Amino acid sequence: VLRLPDQTDVDAVLSALQQAQPSDPERWLAALDLAFVRAPELRAVDIVRRGAKQLPELERASFLREVSRRAERTSRADVSLWALQALRDEAQAGRSASLSGMDETRLRETALAAGDTAEAVAAQLRQVRRLTTGSDARRGALIDLVRIEAAWSRTTSATLLERWRTLRGEWAAGAVFD
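Residues numbered from 1 in each chain as written. Predicted model: local features only at pLDDT ≥ 70, side-chain atom pairs only at ≥ 80, totals over all residues. Heavy atoms only, no water.

1. What to know about the nonpolar core
Link 1 in the chain: The biggest cluster of nonpolar side chains holds 28 residues, and the ones touching the most others in it are Leu32, Val48, Phe63, Leu64, Val67 and Val79.
Link 2 in the chain: Of all the secondary structure elements, the ones that give two or more residues to this core are α2 (25–38), α3 (41–54), α4 (57–73), α5 (77–92), α6 (101–114) and α7 (117–130).
Link 3 in the chain: One finds Leu125, Val128, Ala141 and Trp171 within the second-largest nonpolar core, a separate group that totals ten residues. (Core = buried A, V, L, I, M, F, W, Y, C linked by side-chain atoms within 4.5 Å. Buried < 20%, exposed > 50% of the residue type's maximum accessible area, 1.4 Å probe, protein only. Helix = DSSP H or I, 4+ residues; strand = E, 2+ residues; numbered from the N terminus.)

Have a look at this one:
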């Protein structure tokens, strides 16, 4: 019979993992895995935040991507979203490569799963802006943006009308309007 440690043991192990020097991604990921299994929800984000802060810049982006993957596997959209937002912030500050379209899509989907529609809209809008005007990929991204915004209570009629005009202007004769 496998015996999971009680909360006192969990706290001791988490503390030891986080205080060990030198700081390395594997130790932080072990602490995160333990937190997913036995620690309160907010603790996992705290562990990731401290781990990312202590890791060297060169290791931070891959750590955050791995955190996001592990969080998604354990249905922890809140942790995955935090990691993807931190990754985006690293890219915007010039400390890592910019986010790919795939990263933006993951950010959008994770934000929706976490209930953060504003972040999902922002990620989808960045995706639309990076695509070539008139391309099929941009049309699909705009349609997805309209879907998200139409379901969001903060979207105004004027915003939706503007999105519709953009779609009509770029694909006036497209099958998408049939």
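2. Description of the environment of aspartate 103
Link 1 in the chain: Mapped onto the secondary structure, aspartate 103 falls in helix α6.
Link 2 in the chain: Accessibility expressed as a relative area gives 7% for aspartate 103, which makes it buried.
Link 3 in the chain: Taking the C-alpha atoms as reference, aspartate 103 lies 8.7 Å from arginine 88; in sequence the two are 15 residues apart.

3. Quick look at the pattern of salt bridges
Link 1 in the chain: If you walk through the whole model with that rule in mind, you get 18 salt bridges.
Link 2 in the chain: Note that arginine 50 and aspartate 46 form a salt bridge whose closest N and O atoms lie 2.7 Å from each other. Highlighted residues: arginine 50 and aspartate 46, both in helix α3, separated by four residues, approximately one helical turn.
Link 3 in the chain: For glutamate 170, the salt bridge identified is with arginine 138, shortest N-O distance 2.9 Å. Here the residue glutamate 170 occupies a position in helix α9 (residues 157–170), and arginine 138 occupies one in helix α8 (residues 136–151), the gap between them amounting to 32 residues.
Link 4 in the chain: By relative accessible area, which is 11% here, arginine 138 ends up buried. (Salt bridge = Lys/Arg side-chain N within 4 Å of Asp/Glu carboxyl O.)

4. Structural notes on α8
Link 1 in the chain: Helix length check: α8, at 16 residues, gives a terminal C-alpha distance of 23 Å against a target of 22 Å (1.5 Å per residue), a fit within 8%.
Link 2 in the chain: Looking at α8, one finds that the buried residues are Arg138, Ala141, Leu142, Ile143, Leu145, Ile148 and Glu149. (Expected span 1.5 Å × (residues − 1).)

5. Here's the deal with the side chain of arginine 70
Link 1 in the chain: Counting through the fold element by element, arginine 70 comes out in helix α4.
Link 2 in the chain: Classification of arginine 70 by relative accessible area gives buried; the value is 15%.
Link 3 in the chain: With residues near it in sequence (within four places) discarded, arginine 70 still touches Leu29, Asp33 and Phe36. (Contact = heavy atoms within 4.5 Å.)

6. Let's talk about the packing of α4 against α5
Two quantities define a packed helix pair, namely the angle between the axes and the distance from one axis to the other.
Link 1 in the chain: Remark: α4 packs on α5, axes separated minimally by 8 Å, with the N-to-C direction vectors making an angle of 160°. Accordingly, the angle class assigned to the pair α4 and α5 is roughly antiparallel. Seen from above, α4 lies across α5 with left-handed handedness. Contacts from Arg60, Ala61, Leu64, Arg65, Val67, Ser68, Ala71 and Glu72 in α4 reach Val79, Ser80, Trp82, Ala83, Leu84, Ala86, Leu87 and Glu90 in α5.
Link 2 in the chain: Its residues assigned to classes, the contact of α4 with α5 shows ten nonpolar, two polar and four charged. (Axes fitted to C-alpha atoms, helices over the stretch in contact; angles between N-to-C directions. Parallel < 35°, antiparallel > 145°, perpendicular 65-115°, else oblique. Left-handed = near helix turned anticlockwise from the far one by under 90°. Nonpolar A, V, L, I, M, F, W, Y, C, P; charged D, E, K, R; others polar.)

7. A short note on the side chain of glutamate 149
Link 1 in the chain: Looking at the secondary structure, you find glutamate 149 in helix α8.
Link 2 in the chain: Glutamate 149 has contacts with Val121, Thr155, Thr159, Leu160 and Arg163, leaving out every residue within four places of it along the chain.

8. Describing unusual backbone geometry
Link 1 in the chain: Here serine 75, not a glycine, exhibits a phi torsion of approximately 55°, which is positive.
Link 2 in the chain: The topology assignment puts serine 75 in the loop between α4 and α5.

9. Some thoughts on the packing of α7 against α8
Link 1 in the chain: At a minimum axis separation of 9 Å, α7 and α8 run at an interaxial angle of 160°. Considering their axes alone, α7 and α8 lie roughly antiparallel with respect to each other. In this structure, the crossing between α7 and α8 has a hand that is left-handed. Seen from α7, the contacting residues are Thr117, Val121, Gln124, Leu125, Gln127, Val128 and Arg129; seen from α8, they are Arg138, Ala141, Leu142, Asp144, Leu145, Ile148 and Glu149.

That is the geometry; function is a separate question.
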